[in-house]
Amino acid sequence: MNFELSEEHKMIRDAAREFAQELKKEVIQRDEKAEFPTEFIKKMGDLGFMGIMTSEKYGGAGMDAQAYVLALEEIAKVDASTAVIMSAHNSLVLWGLEAYGTEEQKQQYLVPLAKGEKLGAFALSEPEAGSDASSQHTTAADMGDHYLLNGTKNWITNGGNADIYLVVAQTHPELGHKGINVLIVEKGMAGFTIGPKENKLGIRSSDTHSLLFTDVVVPKANRIGDDGFGFRFAMKTLDGGRIGIAAQALGIAAGAYDLALAYSKERKTFGQPISAHQAIQFKLADMEVEIEAARLLTYKAAWTKDQGLPYGKEAAMAKLHASEVAMKHTIEAIQIHGGYGYVKEYHVERLMRDAKITQIYEGTSEIQRLVIAREILR
Ligand code: CAA
Ligand code: FAD
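Just so you know, these numbers come straight off a predicted model, no measurement behind them.

**Thoughts on the site of ligand 1**
Right, so step 1: Near ligand 1, the surroundings consist of 24 residues, among which Ala133, Thr157, Met235, Tyr361 and Gly363 are the closest.
Right, so step 2: Sorting the residues of the shell around ligand 1 by element identifies helix H5 (80-100), helix H7 (230-266) and helix H11 (365-377) as the ones contributing at least two each.
Right, so step 3: The biggest single contributor to the shell around ligand 1 is H7, with six residues.
Right, so step 4: Of the residues in the shell around ligand 1, the class split is 13 nonpolar, seven polar and four charged.

**Quick look at helix H1 (residues 7-24)**
Right, so step 1: Over its 18 residues, H1 extends 26 Å from the first C-alpha to the last, a length consistent with the 26 Å expected when each residue adds 1.5 Å.
Right, so step 2: Those residues of H1 that sit buried are Ile12, Ala16, Phe19, Ala20 and Leu23. Looking down the long axis of H1, one finds its buried residues gathered within 110° of arc, a one-sided arrangement. Among the exposed residues of H1, those pointing more than 90 degrees away from its buried face are Glu7, Lys10, Asp14, Glu18 and Gln21.
Right, so step 3: Residues of H1 that are buried make contact with helix H2 (27-33), helix H3 (38-47), helix H4 (65-78) and H5.

**Considerations on the UniProt feature "domain: Acyl-CoA dehydrogenase/oxidase C-terminal" (unreviewed entry) in the protein**
Right, so step 1: The UniProt record annotates "domain: Acyl-CoA dehydrogenase/oxidase C-terminal" (unreviewed entry) at residues 230-377.
Right, so step 2: Taken end to end, residues 230-377 comprises 78% helix and 3% strand; its first and last C-alpha atoms sit 26 Å apart.

**A look at unusual backbone geometry**
With the exception of glycine, the majority of residues adopt a negative phi angle, and the majority of peptide bonds are in the trans configuration.
Right, so step 1: Its identity is not glycine, yet Ala34 carries a phi of approximately 50°, on the positive side.
Right, so step 2: In this structure, Ala34 sits in the loop between H2 and H3.
Right, so step 3: The class for Ala34 is partly exposed, based on 17 C-beta atoms found within 10 Å.
Right, so step 4: With a phi angle near 70°, His347 is a residue other than glycine that sits in the positive phi range.
Right, so step 5: For His347, the position within the fold is in the loop between helix H9 (312-337) and helix H10 (348-357).

**Digging into the environment of Phe213**
Right, so step 1: Mapped onto the fold, Phe213 is located in strand S7 (residues 208-219).
Right, so step 2: You can call Phe213 buried: it has 25 C-beta atoms within 10 Å.
Right, so step 3: Apart from the residues lying within four places of it in its own chain, the contact partners of Phe213 are Thr138, Leu149, Asn150, Gly151, Gly191 and Phe192.

**Topic: the site of ligand 2**
Right, so step 1: Around ligand 2 there are 21 residues in total, and Ser125, Gly130, Ser131, Thr157 and Thr364 lie nearest to it.
Right, so step 2: Its residues placed into classes, the shell around ligand 2 shows 11 nonpolar, seven polar and three charged.
Right, so step 3: When residues of the shell around ligand 2 are assigned to domains, at least three map to each of domain 2 (121-230) and domain 3 (235-377).

**Remarks on the packing of H9 against H11**
Right, so step 1: Packing of H9 against H11 brings their axes to within 9 Å, and their N-to-C directions diverge by 145°. The handedness of the crossing between H9 and H11 is left-handed. Residues Gly312, Lys313, Ala316, Met317, Lys319, Leu320, Ser323 and Glu324 of H9 touch H11, and the partners they reach there are Ser365, Gln368, Arg369, Val371, Ile372 and Glu375.

**Digging into the domain arrangement of the protein**
Right, so step 1: Considered domain by domain, the protein is made up of domain 1 (7-119), domain 2 (121-230) and domain 3 (235-377).
Right, so step 2: In this structure, domain 1 and domain 3 have C-alpha centres spaced 21 Å apart.
Right, so step 3: If you look at the interface, domain 1 gives 23 residues, while domain 3 gives 23 residues.
Right, so step 4: Counting residues per element, the ones that place at least two in the side of domain 1 that touches domain 3 are H2, H4 and H5.
Right, so step 5: Per-element accounting of the side of domain 1 that touches domain 3 gives the leading share, 11 residues, to H4.

Thresholds, definitions, all that
- Residues numbered from 1 in each chain as written.
- Chains lettered and ligands numbered in written order.
- Predicted model: local features only at pLDDT ≥ 70, side-chain atom pairs only at ≥ 80, totals over all residues.
- Near = placed C-beta within 6 Å.
- Helix = DSSP H or I, 4+ residues; strand = E, 2+ residues; numbered from the N terminus.
- Nonpolar A, V, L, I, M, F, W, Y, C, P; charged D, E, K, R; others polar.
- Expected span 1.5 Å × (residues − 1).
- Buried ≥ 20, exposed ≤ 12 C-beta atoms within 10 Å, placed from the backbone.
- Arc of directions from axis to C-beta.
- Contact = placed C-beta atoms within 7 Å.
- UniProt positions renumbered as here; feature names shortened; annotations may be inferred.
- Domains from an automatic or database assignment.
- Axes fitted to C-alpha atoms, helices over the stretch in contact; angles between N-to-C directions.
- Left-handed = near helix turned anticlockwise from the far one by under 90°.

Following this line, the structure appears as structure tokens:
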């Protein structure tokens, strides 16, 4: 067992840490204005972060899941919105395209996505299908050489800014989840419209939209995998996605902790730094322990994936724990800041708002428990 990072992993962590300092400059303004970080996404493309796990052969950086979580953790410490844009793009779009796409699909879609020239989105959720993801109402009717796509998707990250969408839809309702397909849909296809941007509690500078499809003609060549593979594709995709969200949650928690620790040494009450009060020390000690536990679970899930071993349970455990820790300790970080924690300049209130979503998307905490329980009782 080796807990030391390799030189390559340290390099990627440091590069992400340096990049995050640039993100920090206007993170409060982007949050307030709900402004998408377009220039930074371009920069992340140049740094290789937008195709970090994709093979070099397809324009990516060819790194492993461990490198991915290290980079995401550093970015999320400062800007959780930018982290989720990167996570959804890499985990939910590029990974599946490389694992299950045809060579033509990879050349046409994966290469520009991995180079950061185009942005991806993953559209599974619907107004009536969130946790119960297989109850898809969006239909992809088989018309011979193409599908006719109709329906509505909800809450789609990168929804307005993406170029390429992986859309889950039902083709054979009589087959239930075995009748579902995933189609590659391009922005601009006739009949595809994007709903208004959601006005959110947190991760405000990532954009979330509904997507509407009315008789959209999607060539058969844009289906990923065999007919009916779509639901399993989505589940496999989410196994990796949950490692990304675990890393995002870990970063949020660690970012809040760093701020709280520094502040506790500066702020004086009753003639001494608040870090001298045992009540504050115990908060810091609990943060240190629980964030490190979240880190170990997240790194282990990434490691398990990198070993080619089954990693669904590990990913769910990491996501569950890291998101709960992020929520709990961002609240504590505000408490340590006192009144200053309640205003925007000190960053911790934003981190608390950003933490909440990590308990909801890519499967709520309840769904992670369901996945873990099914696995251990199998
Ligand atoms: N890998 C491969 N196959 C899997 C699988 C996995 N991890 N999980 C399930 N399957 C397969 C099963 O083996 C089964 O196949 P067979 O019938 O051929 O054996 C099939 O899928 C159906 O499985 P279940 O009976 O377990 O399905 P279910 O209807 O009970 O649902 C669930 C299971 C885990 C609750 C699933 O619906 C789920 O994950 N829900 C949460 C949805 C979610 O996470 N959405 C996230 C949207 S993306 C997002 O949020 C992005 C973002 O914010 C940035
Ligand atoms: P519901 O499924 O209606 O759940 C409501 C409550 O009931 C939750 O507490 C849930 O845990 C609980 N519950 C449901 N079923 C059970 C059960 N069996 N046992 C115990 N408790 C249960 N989706 C995408 O496809 N792509 C995206 O890019 C994307 N990005 C998102 C970004 C944001 C900002 C948000 C808010 C959501 C995003 N989602 C995305 C959707 C997200 O994955 C869903 O919101 C999530 O899976 C929960 O679904 P729901 O909102 O329909 O809640």
